[in-house]
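Spelled out from the first residue to the last, the chains are:
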Amino acid sequence: MRSYLVVGNETLVSPELAQAIREILAGGPTDLHVVVPATPVQHGFTWDEGEARAVARERLEAALARFKTLGASVSGEVGSRDPIEAVRDALRDHPVDEIILSTLPAGISRWLGQDVPTRLRGSVLVPVTVVTAARESGRAGR
């Protein structure tokens, strides 16, 4: 059985990610583990960690439900606010064959602006595939 780590935030329920998951599932038995970094919800110059974790938990629950409807065997967790650290933490307990990084498009994605795909590829030993959601799939941020 192949295993995948799906990393995302606002884009976890995007049609583009759902299509990528369908294609993975068509290849045979698959185990998915989803990690949602607890990205701060900005209020001017401040943010609240509890709120960030609550928003991440809501997004995780929505993603788990969506992927289950697609027929996936899926688990998940809320991770560190840093997506690279969140992936490293998740990999300690969930070794995978590949990582799927779901982002917003260039220009509005903070993760692309921070070069998370390249940094992630340099910090793990498994392939990293980037799935980019359409502009309508989320708002500015991840």
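The text that follows walks through the structure, step by step, so that each part is easy to find. (Residues numbered from 1 in each chain as written. Predicted model: local features only at pLDDT ≥ 70, side-chain atom pairs only at ≥ 80, totals over all residues. Heavy atoms only, no water.)

### Let's talk about the sheet that holds strand β1 (residues 2–7)
Test applied: At least two bridges found by DSSP between two strands is the condition for calling them paired. Numbering of helices and strands runs from the N terminus, with a helix taken as a DSSP run of H or I at least four residues long and a strand as a DSSP run of E at least two residues long. Axis lines are fitted through C-alpha atoms, for helices just across the contact stretch, and the angle between N-to-C directions can take any value from 0 to 180 degrees.
Across the sheet, five strands lie side by side as β3-β2-β1-β4-β5; this open sheet has parallel pairing. In this open sheet, the two edge strands, each paired with only one partner strand, are β3 (73–79) and β5 (128–132). Within the sheet, the average angular offset between the axes of one strand and its neighbour, ignoring direction, is 20°. Relative to β5, strand β4 (residues 98–103) is paired through five bridges, and the arrangement is parallel. Each residue of the ladder has a partner; that of T103, found in β5, is T132.

### Focus: helix α2 (residues 49–69)
For an α-helix the count is 3.6 residues per turn, leaving residues at separations of three or four pointing the same way. Applied cut-off: Expected span of a helix, by definition, is 1.5 Å for each gap between consecutive residues, and there is one gap fewer than residues. Think of it in three bands: residues with accessible area under 20% of the maximum for their type are buried, residues over 50% are exposed, and the middle band is partly exposed, with areas taken using a 1.4 Å probe on protein chains only. Between two residues, a contact is recorded if the distance between any of their heavy atoms is within 4.5 Å.
The terminal C-alpha atoms of α2, which comprises 21 residues, lie 30 Å apart, in line with the 30 Å expected from a rise of 1.5 Å per residue. Listed as buried for α2 are A52, V55, A56, L60, A63, L64 and F67. Where α2 is buried, its residues meet β1, α1 (15–26), β2 (30–37) and β3. Of the residues one or two after α2, G71 is the one with positive phi, at around 100°.

### Let's talk about the side chain of S109
Here is the rule: Pairs of N or O atoms within 3.5 Å make up the polar contacts considered here, provided that, within protein, one atom can donate a hydrogen while the other can accept it, and that residues adjacent in sequence are counted only when both atoms are side-chain atoms.
Residue placement: S109 occurs in the loop between β4 and α4 (110–113). Residue S109 is classed as buried on the basis of its relative accessible area of 7%. At 3.0 Å, the side chain of S109 forms a polar contact with the backbone nitrogen of L112.

### Overview of the pattern of salt bridges
The cut-off we apply is this: Salt bridge, as used here: a side-chain nitrogen of Lys or Arg that lies within 4 Å of a carboxyl oxygen of Asp or Glu.
One pass over the full model with this rule turns up three salt bridges. Put simply, R57 and E61 hold a salt bridge, and the shortest N to O gap is 3.5 Å. Here R57 and its partner E61 are both found in helix α2, four residues apart, which amounts to about one turn of the helix. According to the relative accessible area criterion, R57 is partly exposed, its value standing at 39%.

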